[in-house]
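# Examination of the molecular architecture
Take a look at the letters that make up each chain.
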Amino acid sequence: MDASDLTPTVADAIQPNGLCFSPDEKRLYIADSGAKPGLVRVYDVDGKTLNNPRIFCEIDAGVPDGMRCDAQGRLWAGCGDGVQVFAPDGTRLGRVLTPTPVTNCCFGGERGDDLYLTASTTLYRIKTTTTGSTSHQLPK
């Protein structure tokens, strides 16, 4: 496959960075790190196409980076002050504050309730009361 085989699916982002599917894979979130303020956009997934582009949430500390959904469909977005957590309707629910910006996050651990964060030169592990979405995990 070469570049001529690629077809743009989204062309309205300024600087797309992180991406994440909802647990049911019916929505795709894209972190737009070039937008000011930083935005997370969401698209409805319809087979091979994305429809109904809209702003899901605004990051108020830095720009969005790596993101993950938990099993309840909440979006956890790495950003300038740590991780901001959003309900499936885009309402900010809370924050996990860190001393440096978070560049990526991932759920893991034996029960899937550990949140791992990369932040500059540090890797953090935080026990949560939720579990990560399992829609993209391979069977053991």
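Residues numbered from 1 in each chain as written. Predicted model: local features only at pLDDT ≥ 70, side-chain atom pairs only at ≥ 80, totals over all residues. Heavy atoms only, no water.

### What about the overall build of the protein?
Here is the rule we go by: Numbering goes from the N terminus for both helices and strands, where a helix is a DSSP run of H or I of at least four residues and a strand is a run of E of at least two. Each radius of gyration reported is based on C-alpha atoms, and the globular scaling rule is 2.2 Å times the count of residues to the power 0.38. Classification of residues uses two cut-offs on accessible area relative to the type maximum, computed with a 1.4 Å probe and protein chains only: under 20% is buried, over 50% is exposed, and between them is partly exposed. Contacts between residues were defined by any pair of non-hydrogen atoms, one from each residue, lying within 4.5 Å. Residue exposure ignores everything except the shown protein chains as possible cover, and the areas themselves are Shrake-Rupley values with a 1.4 Å probe. Here the positive residues are Lys and Arg and the negative ones are Asp and Glu; neither His nor the chain ends is included. Taken as the charge location is NZ of Lys, CZ of Arg, CG of Asp or CD of Glu.
Looking only at helices and strands, the protein has zero helices and eleven strands in total. Going from the N terminus to the C terminus, the protein shows its helices and strands as β-β-β-β-β-β-β-β-β-β-β. Relative to the 2.2 N^0.38 estimate, which gives 14 Å for 140 residues, the radius of gyration of the protein is 15 Å and therefore close to what a compact globule would have. Taken along its principal axes, the extent of the C-alpha atoms in the protein is 40 × 40 × 30 Å. In the protein, which comprises 140 residues, the proportion classed as buried is 41%. By sequence separation, contacts in the protein at least 24 residues apart represent 35% of the contacts at least 6 residues apart. For the protein, the accessible area works out to roughly 8,100 Å², and carbon and sulfur atoms hold 53% of it. Side-chain charges of the protein comprise 14 positive and 17 negative groups, with the mean position of each set lying 5 Å from the other.

### A closer look at the packing of aromatic side chains
Let me state the cut-off plainly: The criterion for an aromatic pair is that two Phe, Tyr or Trp rings (for Trp, the six-membered ring) have centres within 6.5 Å, with stacked assigned to planes under 30 degrees apart, edge-to-face to planes over 60 apart and tilted to the rest.
Tallying each qualifying case throughout the model produces three aromatic pairs. Geometrically, the ring pair formed by Tyr29 and Phe56 is edge-to-face, given 4.9 Å between the ring centres and 70 degrees between the ring planes. Of the two residues, Tyr29 sits in strand β2 (residues 27-32) while Phe56 sits in strand β4 (residues 49-59), which places them 27 residues apart along the sequence. Between Phe56 and Phe86, the aromatic rings sit 6.4 Å apart at their centres with planes inclined by 70 degrees, giving edge-to-face as the arrangement. Here Phe86 lies in strand β7 (residues 82-86) and Phe56 lies in strand β4, a separation of 30 residues in the sequence. Its relative accessible area of 9% is what places Phe56 among the buried residues.

### Quick word on the sheet that holds strand β3 (residues 38-46)
Test applied: A strand pair is defined by DSSP finding two or more bridges across the two strands. Lines fitted to C-alpha atoms define the axes here, with helix axes fitted over just the stretch in contact, and angles between the N-to-C directions of these axes take values from 0 to 180 degrees.
Taking strand neighbours across the sheet as the criterion, the four strands line up as β1-β2-β3-β4 in an open arrangement whose pairing is antiparallel. Edge positions in the sheet fall to β1 (16-21) and β4, since each has one partner strand and no second. Taking each pair of neighbouring strands and ignoring which way they run, the sheet shows an average axis angle of 25 degrees. Inspection of the sheet shows β2 paired to β3 by six bridges, in the antiparallel sense. Counted as the bridge partner of Asp32 is Leu39 from β3.

### Structural notes on the side chain of Asp32
Threshold: Counting of polar contacts relies on pairs of N or O atoms within 3.5 Å, with two restrictions inside protein: one atom must be capable of donating a hydrogen and the other of accepting it, and residues adjacent in sequence are counted only when both atoms are side-chain atoms.
Take Asp32: it is sitting in strand β2. By relative accessible area, which is 0% here, Asp32 ends up buried. Polar contacts involving the side chain of Asp32 include one to the main-chain amide nitrogen of Gln15, which spans 2.9 Å.

### Examining the sheet that holds strand β10 (residues 114-119)
In space, the three strands of this open sheet follow the order β9-β10-β11, with antiparallel pairing throughout. This sheet does not close on itself; its edge strands, each paired only once, are β9 (104-108) and β11 (122-127). Along the sheet, successive strands turn relative to each other by an average axial angle of 20 degrees, direction set aside. Examined bridge by bridge, β10 and β11 share six bridges and lie antiparallel to one another. Within β11, the residue paired with Asp114 across the bridge is Lys127.

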